[in-house]
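Spelled out from the first residue to the last, the chains are:
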Amino acid sequence: MSSQPPDAAAQLPEHPDWLWRNPDPKPSYDVVIVGGGGHGLSTAYYLAREHGLRNVAVLERGWLAGGNMARNTTIIRSNYLCEASAAIYEHALGLWEQWPQELDYDFLFSQRGVLNLAHTLQDVREGVRRVNANRLGGVDAEWLEPDQVKEFCPIVDVSPDVRHPVLGATLQRRGGIAKHDHVAWALARQADAMGVDLIQGCEVTGFVRDGAGAVVGVETTRGRIAAGRVGLAAAGHTSVLADLLGLRLPLQSHPLQALVSELLEPVHPCVVMSNHVHVYVSQAHKGELVMGAGVDSYNGYGQRGSIHLIEHQMAAALELFPIFAQAHVLRTWGGIVDVTPDASPIIGPTPVEGLYLNCGWGTGGFKATPASGRVYAHTIATGSPHPLAAPFGLDRFTTGALVDEHGAAAVAH
Amino acid sequence: MLLIRCPWCGERDEVEFRYGGQANVAYPADPEALTDAEWAEYLFVRDNPKGAFAERWVHTAGCRRWFSVVRDTVSYRMTATTATTATTATTPEAAQ
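Cut-off values and rules
- Residues numbered from 1 in each chain as written.
- Chains lettered and ligands numbered in written order.
- Predicted model: local features only at pLDDT ≥ 70, side-chain atom pairs only at ≥ 80, totals over all residues.
- Heavy atoms only, no water.
- Salt bridge = Lys/Arg side-chain N within 4 Å of Asp/Glu carboxyl O.
- Helix = DSSP H or I, 4+ residues; strand = E, 2+ residues; numbered from the N terminus.
- Buried < 20%, exposed > 50% of the residue type's maximum accessible area, 1.4 Å probe, protein only.
- Polar contact = N/O pair within 3.5 Å; in protein donor to acceptor, adjacent residues only side chain to side chain.
- Contact = heavy atoms within 4.5 Å.
- pLDDT = per-residue confidence, 0-100.

**Looking at the pattern of salt bridges**
Residues and elements named next belong to chain A. By the definition in use, this model includes 18 salt bridges over all chains. For Arg174, the salt bridge is made with Glu90, and the minimal N-O distance between the two is 2.9 Å. Pair noted here: Arg174 is in the loop between strand E6 (168-172) and strand E7 (176-177) and Glu90 is in helix H2 (residues 83-102), with a separation of 84 residues, a long-range link. Relative accessible area serves as the criterion here: at 17%, Glu90 is assigned to the buried category. For the salt bridge of Arg130 with Glu126, the shortest nitrogen-to-oxygen distance reads 3.0 Å. Taken together, the positions of Arg130 and Glu126, both in helix H3 (residues 121-136) and four residues apart, correspond to about one turn of that helix. Judged by relative accessible area, which is 5%, Arg130 ranks as buried. Three or more residues joined by partner-sharing salt bridges are found here, namely Arg49, Glu50, Glu102 and Arg374.

Shown next, in the form of C-alpha cells:
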C-alpha cells in the first residue's frame, strides 16, 4: 500500500456494529486478555490465528478500542535507535504492510513518509547516527539536508532566521499513518470470526488465585471468569490492576495530549515530527491536522491534559508551519500512557504464575500494534518470551539491561 | 494547568514548578546490604495510584524550595500541602 487514493474518505466502510458478536462471558476460557484496545485485540487475533487458541476472551471495561487506541495520533514508523526496539518496531511495520490484505479491511494505511527534524547540532548528530543504526539493522532511513526537507514537505519553513531553524531531518519513507479505529474494527472482526469472545462493558475488579498463588481467573463486573492464563493489555491502567495482586511495577501513568484542527484541503504530504521544539503533525484522510503534544509531568488518570502544553505545541507548530496560522483547533483530548524508566515496553511473564504483562509502551504503542500482539500471543501461548520480546522482560530492571530509548521515543518522557 | 500552592510563595501556575514524583522515598539506610531486586525497587519502582497520591514539587521559578502535596490523580485536586523535606513527607492517609 502506498499513499491513499484521492477519494479515500468516500471509501470508508460503514460503522461496524455488525462486525462482531456481542457475547456474554462464558464461565471459563483458556486465555483471558484484559483490555480491548489495539494490543489486546491484536493479541487475541494472533492467539487464534497462529496458536490455534480459540477459547479466548478479550475483556473491555468500556467499549472496544475506546481508550488509547482512539486517542493516539496514528503515526507508524520503525526508526528507533536501540537494536531491540528497532527490531520489534520494524517487525510491526512489516506486518502493517501485510495487514490490509491479511485482515481484508481497508484501514487506510498510508506510507507517506515520516520526517524527524533536527534543530541543533546535537539533533543532527543524533539523527545521522540513527540513520546509520537503522540501515545497519535493515530499517529504511535517509538523512535529508534542509533543501531536501523543503522538497519533501514544502510547507515546512526551513529558513535560517527562525528561532529553531531546520538543520536537516531523518526520513523513513515506509512510515506513515493508518486510521486507528478501523484497525481495531478489522482485528475485532477477524478475531471474532475465529471464535474469540469480545466482551465489552466488563471491568476486571480482582483476580482469582489458587492455593499456590497462581492466577486462575478474574473477578469482573459480569461475574467470575476462570482462565488458564491471564494477559494484561490495559496500558495506563496496568498498575491499577497489578496493585490488586500486590505486584509493584516500574510504571508511571501520565496524560498525553493531542488535538485536531478543523478540516482543511490537503496541504501536508507526510508526517513531521520534531523532538526539539516538540510537535508532531500529519493530516488525516478527512483533512484534519492531527497534532501531538507532550505528556504532563505529573501522574494522572484524568484523560485530559494541561493547556500550557498545547500552547507550547502550537507555538512550535506555527514556527515550523506558518501556513497553519489561521487554522482553528477543533478539539483536544488526552490518553493515559504508562511510562517505564527506560521508555521501552514491558512484555513477558511475571512473578505471578499464570499472569502475563504487555505494558509500558508509553507514547509509542499504536505503531507497535501488530508486533505487540504477535509476540505477546507467542509469549502467552508458549509460556516463554518471543525472541523479539525477550529484551523487554520485567527482569531487565533488576539485571540493569535497560533498553534506553528516550532519544528515539519522539515524546520526551 | 494546575494551580499549586507553594507553602512559601502562595498559589502559582503549574508552569512555575517542576514535578518530583512520589514523596517520602528514602535513600536506603544501608545501601551495601541491598540485593539487586531491592536496588531495582528503590531506583525504578514507585507507587502509581488512581486516587490520592503524596508527591513532591519544587518551585523552580520562585523560591526554589521543595514541598509535598497530596493530589488526587483523577480529579487532580490537591488536598494537602506540606513544607517538608524528602524523608518526612505527608501521606495520602494523613489527608483523609
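After that view of the structure, there is still more to cover.
**A word on the side chain of A:Asn358**
Residue and element names in this part refer to chain A. Along the polypeptide, Asn358 turns up in strand E18 (residues 355-359). One polar contact links Asn358 to Trp361, side chain to side chain, over a distance of 2.5 Å. Those residues in contact with Asn358 that lie beyond four places of it in its chain are His39, Leu232, Ala233, Ile346, Ile347, Ser372 and Tyr376.

**A short note on the confidence of the model for chain B**
All names here are of chain B. Averaged over every residue, the pLDDT of chain B is 89; residues scoring 70 or more account for 86%. Taken together, the stretch residues 86-90 has pLDDT below 50 and engages in 14 contacts with residues farther than four places along the chain or on a different chain. Prediction confidence for the complex, expressed as pTM and ipTM, is 0.93 and 0.90 respectively.

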